[in-house]
Amino acid sequence: MSTVMCAVRRSFLSFSFRVATIALVGVGFAESRSAAQAASAQGRTLIRAGHLLDVKTGTETAGETIIVTGDKVTGIAPTAQTPAAAGDTVIDLERYTVLPGLIDVHTHLTMATNFDPYWELTMTPAKEAIIGVENAKVTLEAGFTTVRNVGADDYTDVALRDEINAGRIPGPHMQVSGPALGITGGHMDENLLPFEYHVTAEGVADGVPAVQQKVRQNIKYGADLIKIGATGGVLSKGDDPQASQYTKEEMVAIVNDAHRLGRKVAAHAHGAQGILWATEAGVDSIEHGSYLDEAGIAAMKAHGTYLVPTAYLIDWMQENGHLPAIYQQKMKDVSAVEKANAIRAIKAGVKIALGTDAAVYPHGLNAHEIDVYVNQFGMTPLQGIQTGTINAADLMGWSDKVGTIAPGKWADVIAVEGDPLKDVRLLQQVKFVMKSGIVYKKDTAGL
């Protein structure tokens with residue numbers, strides 16, 4: 001791409017973020033953030049929890065106060081022993097169960113739920129950026145205060161993360177991958193244009209030197225992790241989800257460079273051979289894992305590799321999906337086996353982290369994934385919640401920042417009306433969301 005064209009694309013991206021930011025300011029985001037920051041500067045925020053859920057043990061302690069100073073939790077103490085001082089802000093959640101903000105390790109915030117081929121061809125960096133701003137807000141308000149974004153064109157997820165971190169738009173904490181890496185003609189090279197256009201996706205690389213260069217390039221432009229295509233996929237034309245794509249040697253090179261440079265690797269993998277090769281190469285997580293077999297399960301247990309099942313999308317697609325014909329049969333085939341294999345992996349003791357593939361179905365429905373884990377896969381409610389808290393934090397390497405409510409960690413707090421250990425579906429109706437000490441949602445009477 002020419003220097004002029006690159007400059008034009010960057011201009012579009014910058015413009016889109018300015019437009020989106022102005023729109024959000026119009027609905028009061030800037031004012032609410034400024035008010036919260038002013039309150040934080042004056043004193044502490046005291047969150048009076050009716051019940052505080054310890055997601056490690058399942059203990060639900062009554063009458064606790066979470067003490068927040070700035071963007072961090074600085075203490076937890078019995079409410080009776082924690083009077084408000086001058087300048088403190090008190091948030092009354094005494095009718096609610098309070099727990100840490102949830103984590104989704106497989107999102108696509110800059111993508112929309114639209115797989116019409118013509119619409120896909122009209123996508124631009126500007127559109128992706130604006131879509132990302134919309135979806136970041138929806139995801140945060142659904143109670144997901146942290147996400148991994150695994151695959152975005154033009155580094156739009158890098159820009160989205162940076163704008164959120166700068167406080168200009170609302171959204172979750174993000175780890176982002178930038179463009180996903182894949183082979184020529186593979187799932188990550190899913191263009192719909194004929195040969196005469198000579199279109200190749202940004203993350204395409206073949207051979208060891210080329211994949212090493214792509215890893216380094218993604219890191220250069222801001223990637224927190226590397227996403228690769230180990231097998232074919234569903235929402236791409238002409239490839240087979242069961243067929244391995246990158247060779248084991250290519251994946252070893254990717255993982256070695258990524259890990260040496262402090263980045264983890266997430267592998268999109270449906271087929272059994274691709275799952276096995278990716279696991280043996282040392283990836284940190286297998287995304288989807290549809291055709292996971294006994295050899296793959298054994299390897300994942302041996303390597304401590306996480307499985308990210310992305311299971312609710314199957315239910316949503318069966319109830320609401322209207323995919324183009326080029327994708328329909330692959331979705332049926334994958335849906336027929338994925339859940340049974342995920343259950344086998346769970347029973348075998350493979351580690352599970354919550355991931356949704358949000359964008360395949362509408363953003364904001366992320367907590368439905370926990371419902372599947374509990375009411376279809378046989379997890380206890382606590383185990384289901386742990387996939388989206390302590391397990392997901394561990395996979396991200398952020399256990400010191402998120403996943404539990406504890407002194408020194410980010411003040412990421414959500415609340416539901418009722419007991420999620422009795423009904424995890426309550427997590428689909430989060431009433432209160434705080435991220436980094438700032439309240440983003442108060443859908444409760446009296447707050």
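The sections below set out a description of the structure shown in this document. Along each chain, numbering runs from 1 in the same order as the chain's sequence is written. This being a predicted model, a pLDDT of at least 70 is required before a residue's local features are given, and a value of 80 or more before pairs of side-chain atoms are given or counted; all residues contribute to the totals for chains, interfaces and linings. Values shown for side chains rest on all heavy atoms present in the structure; no hydrogens or waters enter the calculation.

## So, the overall build of the protein chain
As a reminder, the rule being used: Helix numbers and strand numbers start at the N terminus; a helix is a DSSP run of H or I with at least 4 residues, a strand a run of E with at least 2. Whether a residue is buried, partly exposed or exposed follows from its accessible area with a 1.4 Å probe, protein chains only, as a fraction of its type maximum: under 20%, in between, or over 50%, in that order. Here the open area of atoms and residues is found with the Shrake-Rupley method and a 1.4 Å probe, where only the protein chains shown may cover a residue.
When you go through the protein chain residue by residue, the secondary structure sums to 15 helices and 15 strands. Out of the 447 residues in the protein chain, the part that is buried amounts to 56%. Roughly 17500 Å² of accessible area belongs to the protein chain as shown, and the carbon and sulfur atoms make up 54% of that amount.

## Brief notes about unusual backbone geometry
With a phi angle near 55 degrees, Tyr-155 is a residue other than glycine that sits in the positive phi range. Tracing the sequence through the fold places Tyr-155 in the loop between β6 (144–149) and α5 (156–165). Although it is not a glycine, Asp-357 adopts a positive phi angle of roughly 65 degrees. Secondary-structure assignment places Asp-357 in the loop between β12 (351–352) and α13 (368–375).

## Points about α13
Let me state the cut-off plainly: Throughout, a contact is declared for two residues whenever any of their heavy atoms are within 4.5 Å.
Among the eight residues in α13, seven count as buried, and that is most of the element. Of all the residues in α13, the buried ones are His-368, Glu-369, Ile-370, Asp-371, Val-372, Tyr-373 and Val-374. Of the surrounding elements, those touching the buried residues of α13 are α10 (312–320), α12 (338–348), β12 and α14 (381–387).

## Let's talk about the environment of Asn-256
Within the secondary structure, Asn-256 sits in helix α7 (residues 248–260). Residue classification places Asn-256 among the partly exposed residues on the basis of a relative accessible area of 45%. The spatial distance from the C-alpha of Asn-256 to the C-alpha of Gln-212 is 9.0 Å, given a sequence separation of 44 residues.

## Some points on the nonpolar core
We apply this condition: Here, nonpolar core means buried Ala, Val, Leu, Ile, Met, Phe, Trp, Tyr and Cys residues that are tied together by side-chain atoms lying within 4.5 Å of each other.
If you look at the biggest cluster of nonpolar residues, it comprises 73 residues, and the most contacted ones within it are Ile-226, Ile-228, Tyr-246, Ile-254 and Ile-286. Those residues in contact with Ile-226 that lie beyond four places of it in its chain are Leu-181, Val-215, Asn-218, Ile-219, Ile-254, Ala-258, Lys-264, Val-265 and Ala-266. Ala-49, Ile-66, Tyr-96 and Ile-405 belong to the second-largest nonpolar core, a separate cluster that totals 16 residues.

## Examining the environment of Val-150
Looking at where Val-150 falls in the secondary structure, it is placed in the loop between β6 and α5. You can call Val-150 buried: its relative accessible area is 0%. Taking C-alpha positions, Val-150 is 9.8 Å from Val-265, a pair spaced 115 residues apart along the chain. Residues within four places of Val-150 in sequence aside, it is in contact with Val-105, His-106, Thr-107, His-108, Ser-177, Leu-225, Lys-227 and Ala-266.

## As for the sheet that holds strand β8 (residues 225–229)
Worth spelling out the cut-off: Note: two strands are recorded as paired if DSSP finds a minimum of 2 bridges between them.
Judged by pairing direction, the sheet is parallel, and its five strands sit side by side in the order β8-β9-β10-β11-β12 without closing on themselves. Among the strands making up the open sheet, the edge pair consists of β8 and β12. In this structure, strand β11 (residues 306–308) lies alongside β12, joined through two bridges in parallel fashion. Note on β12: the bridge partner recorded for Leu-307 is Ile-352.

## A short note on the packing of aromatic side chains
Worth spelling out the cut-off: We call Phe, Tyr and Trp rings a pair once their centres come within 6.5 Å, taking the six-membered ring for Trp, and we label the pair stacked below 30 degrees between planes, edge-to-face above 60, and tilted otherwise.
Per the stated rule, a full pass over the model turns up four aromatic pairs. Here Tyr-312 and Tyr-361 contribute two aromatic rings whose centre-to-centre distance is 5.0 Å and whose plane-to-plane angle is 90 degrees, an arrangement assigned as edge-to-face. On the criterion of sequence distance, the pair formed by Tyr-312 in helix α10 and Tyr-361 in the loop between β12 and α13 is long-range, its members being 49 residues apart. Centre to centre, the rings of Trp-398 and Trp-410 are 5.4 Å apart; their planes meet at 85 degrees, and the pair counts as edge-to-face. A residue pair is termed long-range when its members are at least 10 positions apart, and Trp-398 in the loop between α15 (390–396) and β13 (413–416) and Trp-410 in the loop between α15 and β13 qualify at twelve residues. Summarising the burial analysis for this pair, Trp-398 and Trp-410 share the class buried.

## Description of the pattern of salt bridges
Definition in use: A side-chain nitrogen of Lys or Arg and a carboxyl oxygen of Asp or Glu constitute a salt bridge if their distance falls within 4 Å.
Summed over all chains, the structure comprises 16 salt bridges. The partner of Asp-71 in a salt bridge is Lys-72, with the nearest N and O atoms 3.5 Å apart. Residue Glu-417 is joined to Arg-95 by a salt bridge in which the shortest nitrogen-to-oxygen separation is 3.0 Å. Residue Glu-417 is found in the loop between β13 and β14 (432–435), and its partner Arg-95 is found in strand β4 (residues 89–100); the two are separated by 322 residues along the sequence. What emerges from the salt-bridge pattern is a single network uniting Arg-161, Asp-162 and Asp-224.

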